[in-house]
Amino acid sequence: MLRFEDLVGIIAVEGEDKYLREFEHRGLSGSYVTPSRSGRPYEFSRIQVRHLGHKVLELRWTKAGDFQMVAYEPGEWEELLERLANVF
């Protein structure tokens, strides 16, 4: 879903410029940041999901193959996300 959202702009995350895409729907919001410069395999991308303002999921990865689940809290937000994802 987040890949298809409009580009909001470029923000600095941990000293790196990132492209930012966001969504918000029924108390569920998310952000997707990706490197603004190509050719840097160790620069990270990130997805964060919040439910009612509380972070419930954060994933990070690099093109070099690193992957990390930073945060995950199971809950009702998962059903809402699944319903939204089925619309796309």
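Residues numbered from 1 in each chain as written. Predicted model: local features only at pLDDT ≥ 70, side-chain atom pairs only at ≥ 80, totals over all residues. Heavy atoms only, no water.

Asker: How should the sheet that holds strand E5 (residues 54–62) be read in this particular structure?
Answerer: Backbone-to-backbone hydrogen bonds join strands into a sheet, with any given pair of strands oriented parallel or antiparallel. One open sheet accounts for six strands, arranged E1-E2-E3-E4-E5-E6; its pairing is antiparallel. Whereas interior strands pair on both sides, the edge strands pair on one side only; in this sheet they are strand E1 (7–13) and strand E6 (67–72). The average undirected angle you get between the axes of adjacent strands in this sheet is 20 degrees. As judged from the eight bridges shared by strand E2 (residues 16–25) and strand E3 (residues 28–35), these two strands associate in the antiparallel manner. Paired with His25 across the bridge in E3 is Leu28. Of the strands in this sheet, E2, E3, strand E4 (44–51), E5 and E6 are in contact with helix H1 (residues 77–87), which crosses E3 at around 70 degrees. (Pairing = 2+ DSSP bridges. Helix = DSSP H or I, 4+ residues; strand = E, 2+ residues; numbered from the N terminus. Axes fitted to C-alpha atoms, helices over the stretch in contact; angles between N-to-C directions. Contact = heavy atoms within 4.5 Å.)

Asker: Sorry if this is basic, but what is going on with the pairing of E2 here?
Answerer: Within a regular beta strand, the side chains point alternately toward one face of the sheet and then the other, so they alternate between its two faces. Across six bridges, the pairing between E1 and E2 is antiparallel. The residue bridging Ile10 from the neighbouring strand is Tyr19, located in E2. Taking the residues that link successive antiparallel strands as the turn, the E1-E2 hairpin has two residues, and the phi of Glu14 there is positive, at about 50 degrees. The antiparallel hairpin formed by E2 and E3 contains two residues in its connecting segment, where Arg26 sits at a positive phi of about 50 degrees.

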